[in-house]
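# Structural overview
Single-letter residue listing:
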Amino acid sequence: MIMKVLYFLPLPYGDKDKVSALFPKIEFAVADTVEELSQALPGTEILVTANSVYQEDAAQVIRDTGTDLKLIHFRTSGVDRAVGYGLPAGIPVSNSPGLSAPANAEHAIAMLLMLSRRMREIDAAQTRHDWIRRDVAKRIVCMHGMTMVVIGFGAIGQQMCIKAKGLGMKVILVSRDSKTGPTVDEVVGRDKLIEVLAKADVVSMCTILTAETHYMLGRNELAAMKPTAFLLNVARNDLVDEQALIDALTERRIAGAGLDVFNPEPLPEDHGFWDIDNCIVSPHVSGSGYDSEPRTTDILIAALKSHLAGEIPETVLGPEQLTPIEV
Amino acid sequence: LKIIWHFVDLLGLDGIRAAVPDVDFIGVESPTELERHLPGAEITVIGQTRYDQTTAEIYKAKGGDLRWMQFRPSGMDKAARFGVPDNVLICNAPGMSSPVIAEHVFAHLLTLTRRLRDWQKVQQGGEWMRPTAIIENMQSLDGMTLLVIGYGAIAQAVCLRAKAFGMRVVVVSRAAEPGPNVDAVFRREHLGDACAEADAVTMCASLAKDTHHLLGAEAIARMKPSAFILNIGRGELIDEAAMIAALRDGRIKGAGLDVFEGEPAKPDNPLWKMENVIFTPHVAARGGNDVAEFRKFFTENLRRYRAGAELMSLIGPERLAAAE
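On a predicted model such as this, the values are computed, not experimentally measured, just so you know.

## Description of the overall build of chain A
- Looking only at helices and strands, chain A features 12 helices and 12 strands.
- Relative to its length of 327 residues, chain A is compact, with a C-alpha radius of gyration of 22 Å against a globular reference of 20 Å.
- Projecting the C-alpha coordinates of chain A onto the three principal axes gives extents of approximately 75 × 40 × 35 Å.
- The buried share of chain A, reckoned over its 327 residues, is 57%.
- Of the contacts formed within chain A by residues at least 6 apart in sequence, a portion of 64% connects residues at least 24 apart.
- In the form shown here, chain A has an accessible surface area of approximately 13700 Å², with 51% of it arising from carbon and sulfur atoms.
- Put simply, chain A has 31 plus and 43 minus side-chain charges, and the middle of one group is 9 Å from the middle of the other.

Here you go:
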């Protein structure tokens, strides 16, 4: 029997022709609506979808009519909507992690340098035509020789380590497993988190959000950080206890933060982050400006190849990433 | 042994006194203080920013006992322009601030490519807005081409960082060769061709006779309309008027500038007002470890001087003449 792959994605489909040309023995179909999805699912072995279209009605249809499914592949990194609305039981789910990782890490470093080099103050002086050299110079800090603690060693974490090393920083990685790389000076387990936070000049959150990493940086962890340290988060909201962070920033217990992810998004107008002068807010744009299409396609092709070979794709998620997070 | 320590805010004086306690270091900030203390001083250690016409005249008139002038940091253009006393050893101190200056280059470049100034305005507005006009203008350095002009210590620190950001690195220099951090090298006569390839051009050459207005109207005209100019070297490396015209006409996309032709920049300099210019007041070296690094360097050079050994970073008369 010919294998059927069904695309249920936000338009455009991007690489469908390219991918289907590589797999002549697979039949590729497309569903644009939930109704089409329900008609096409019977007999479909692999569903290719995205977090954004995995709404409540689609989730219901997939659970009811996706009885022949052997794999659900997400062309997105996030799968939280699907997890929230409920995935069919027992079917492997794979995702596409770190699609824009170089840009995510770049954006984090951009926010870091804006903080460390006082670019915001200098920018305000520029509008006043004020040569504030003597005044601002004493407050600028250099990252060369400083220590960055990178939490998580997925695609973004790896990119952060490379960039931090490029700036001449010492890199300490906090990671569940002992996986490491040439740009990492030291790797420690999560049980040592508080200990290494006290050494950090910069803390960069790069891990996925699971029940275990939820509020990983809470009041105690923030209290362990130096008053001169900066916090960066371009990865996932809810890795950091936002209220505890607001308190730490406004009470100057840490030097500043660069944030691109929030809970909720859009960040409400009356939210505390907007007006904190040592906090840089960007509206979830850290991956922008980077063409992630080639990598998205490569990951899909790799998943299909593995599946055809009877293997489990590398990008298949573990149970901790498919469990709804209870707060 | 009497040594003049001639720096703005007497930067590093306490540290050097502690490091070399058997020497009489005299801190000097103003021309009047200099005139008073210079007679009898055998050595002066001086920051480049202090070396202006008036200061140079005092050194030439009253520096009869001087044997050695240690300049800090590396640029010798002012010493060349205003002159130094005859028969005095001249040293500079290159490379101390390279890491921090290279870091500042990337602060400028990333502020431009990640549109942080636009996002700053959104934040000030206090409302979650994601205008397509901003997002579509965001860029990743990954895969971009950086043109580095010059290949001294700062340039090499820039090349290293550019590689960490996934950039292709092209260098214009006589000294550079392709290597792990350098993808291609152009000679200066092909500067225009190099500019045509660049997504960003960064000026890291030292200022000398033959580098004045090195990036002129002709080279700027070869740049892509999407490209940026970055300058942490010296204002005079770029024909500022030509750059301003290109920025104004949209022939280049933006600039990150830490140095200007004439500092402090004049209040009517159009660069202040330009939306596409990140303008920092000559602070690229700030925040670095350069004071401590320089203390180590000078302590060693002083040891050599007292031992009659050859000094580090000695500048001969020909090199000084070429720096003018």
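## Concerning the pattern of salt bridges
Residue and element names in this part refer to chain A.
- This structure, assessed with the given rule, holds 35 salt bridges over all chains.
- Measuring nitrogen to oxygen at the nearest pair gives 3.6 Å for the salt bridge that ties Lys170 to Glu186. Of this pair, Lys170 sits in strand S7 (residues 170-174) while Glu186 sits in strand S8 (residues 186-188); the two residues are 16 residues apart in sequence, bridging distant segments of the chain.
- Of the residues examined, Lys170 reaches a relative accessible area of 34% and is grouped as partly exposed.
- For Glu186, a relative accessible area of 26% translates into the label partly exposed.

## A closer look at the environment of B:Glu293
- The residue B:Glu293 is located in helix H12 (residues 290-307) in this model.
- Distance in space between the C-alpha atoms of B:Glu293 and B:Lys78 is 22 Å, their sequence separation being 215 residues.

## As for the interface of chain B and chain A
- Counting residues at the interface gives 54 residues for chain B and 55 residues for chain A.
- For the pairing of chain B and chain A, the buried interface totals around 4700 Å² over both sides, and the portion due to carbon and sulfur atoms is 62%.
- Counting every contact that joins chain B to chain A gives 2 salt bridges.
- One salt bridge connects B:Arg117 with A:Asp123, and the closest N-O pair in it is separated by 2.6 Å.
- Only helix H5 (98-113), helix H6 (116-125), helix H8 (153-164) and strand S12 (277-279) of chain B provide two or more residues apiece to the side of chain B that touches chain A.
- Per element, the largest residue contribution to the side of chain B that touches chain A is 9 residues, and it comes from H5(B).
- In the side of chain B that touches chain A, the residues fall into 30 nonpolar, 13 polar and 11 charged.

## Quick notes on the side chain of A:His107
- Within the secondary structure layout, A:His107 lies in helix H5 (residues 101-116).
- Note on A:His107: relative accessible area 0%, which makes it buried.
- Other than its neighbours up to four places away in sequence, A:His107 contacts A:Val234, A:Asp260, A:Ser282, A:Val285, A:Ser286, B:Arg114, B:Leu116 and B:Met138.

## A few points about the pairing of strand S6 (residues 147-151) of chain A
All names here are of chain A.
- For S6, the buried fraction is high: 5 of the 5 residues fall into the buried class.
- Along S6, one buried face is formed by Thr147, Val149 and Ile151 and the opposite face, lined by Met148 and Val150, is buried too.
- Two elements, S6 and S7, share 5 bridges in a ladder whose sense is parallel. Note that in S7 the partner of Met148 across the bridge is Val171.
- Each parallel crossover has a hand, and the one from S6 via helix H8 (residues 155-166) to S7 is right-handed.
- Here S6 runs beside strand S9 (residues 202-205); their pairing, made up of 4 bridges, is parallel. Looking at the pairing, Val149 lines up with Val203 of S9.

## Brief notes about the nonpolar core
- In this structure, A:Met148, A:Met160, B:Phe106, B:Leu146, B:Val148 and B:Met167 are the most contacted members of the largest nonpolar core, which totals 69 residues.
- The greatest single-element share of this core, amounting to 10 residues, is contributed by H5(A).
- For B:Leu146, the residues in contact, after removing those within four places along its chain, are B:Phe106, B:Val158, B:Ala162, B:Met167, B:Arg168, B:Val169, B:Val170, B:Ala200, B:Thr202 and B:Leu230.
- Judged by nonpolar contacts, the second largest core, of 40 residues, contains A:Ala40, A:Ala58, A:Val61 and A:Val79.

## A word on the pairing of S7(A)
Residue and element names in this part refer to chain A.
- Of all 5 residues in S7, 4 are buried; the element is thus mostly enclosed.
- Where S7 and S8 come together, 3 bridges link them in parallel fashion. Looking across to S8, one finds that Leu173 is bridged to Val187.

## Focus: the sheet that holds S9(A)
Residue and element names in this part refer to chain A.
- The parallel open sheet is built from 7 strands, whose spatial order is S8-S7-S6-S9-S10-S11-S12. Unpaired on one side and paired on the other, S8 and strand S12 (279-281) mark the two borders of the sheet. Taking each pair of neighbouring strands and ignoring which way they run, the sheet shows an average axis angle of 15°.
- Direction of pairing for strand S11 (residues 256-259) relative to S12: parallel, over a ladder of 3 bridges. Among the inter-strand pairings, Gly258 is bridged to a residue of S12, identified as Ile280.

Analysis parameters
- Residues numbered from 1 in each chain as written.
- Chains lettered and ligands numbered in written order.
- Predicted model: local features only at pLDDT ≥ 70, side-chain atom pairs only at ≥ 80, totals over all residues.
- Heavy atoms only, no water.
- Helix = DSSP H or I, 4+ residues; strand = E, 2+ residues; numbered from the N terminus.
- Rg over C-alpha atoms; globule rule 2.2 N^0.38 Å.
- Buried < 20%, exposed > 50% of the residue type's maximum accessible area, 1.4 Å probe, protein only.
- Contact = heavy atoms within 4.5 Å.
- Areas by Shrake-Rupley, 256 points an atom, 1.4 Å probe, with all protein chains shown as cover.
- Lys, Arg positive; Asp, Glu negative; His and termini not counted.
- Charge placed at Lys NZ, Arg CZ, Asp CG, Glu CD.
- Salt bridge = Lys/Arg side-chain N within 4 Å of Asp/Glu carboxyl O.
- Buried area = accessible area lost by both parts, 1.4 Å probe.
- Nonpolar A, V, L, I, M, F, W, Y, C, P; charged D, E, K, R; others polar.
- Pairing = 2+ DSSP bridges.
- Right-handed = clockwise from strand over helix to strand, strands pointing away.
- Core = buried A, V, L, I, M, F, W, Y, C linked by side-chain atoms within 4.5 Å.
- Axes fitted to C-alpha atoms, helices over the stretch in contact; angles between N-to-C directions.

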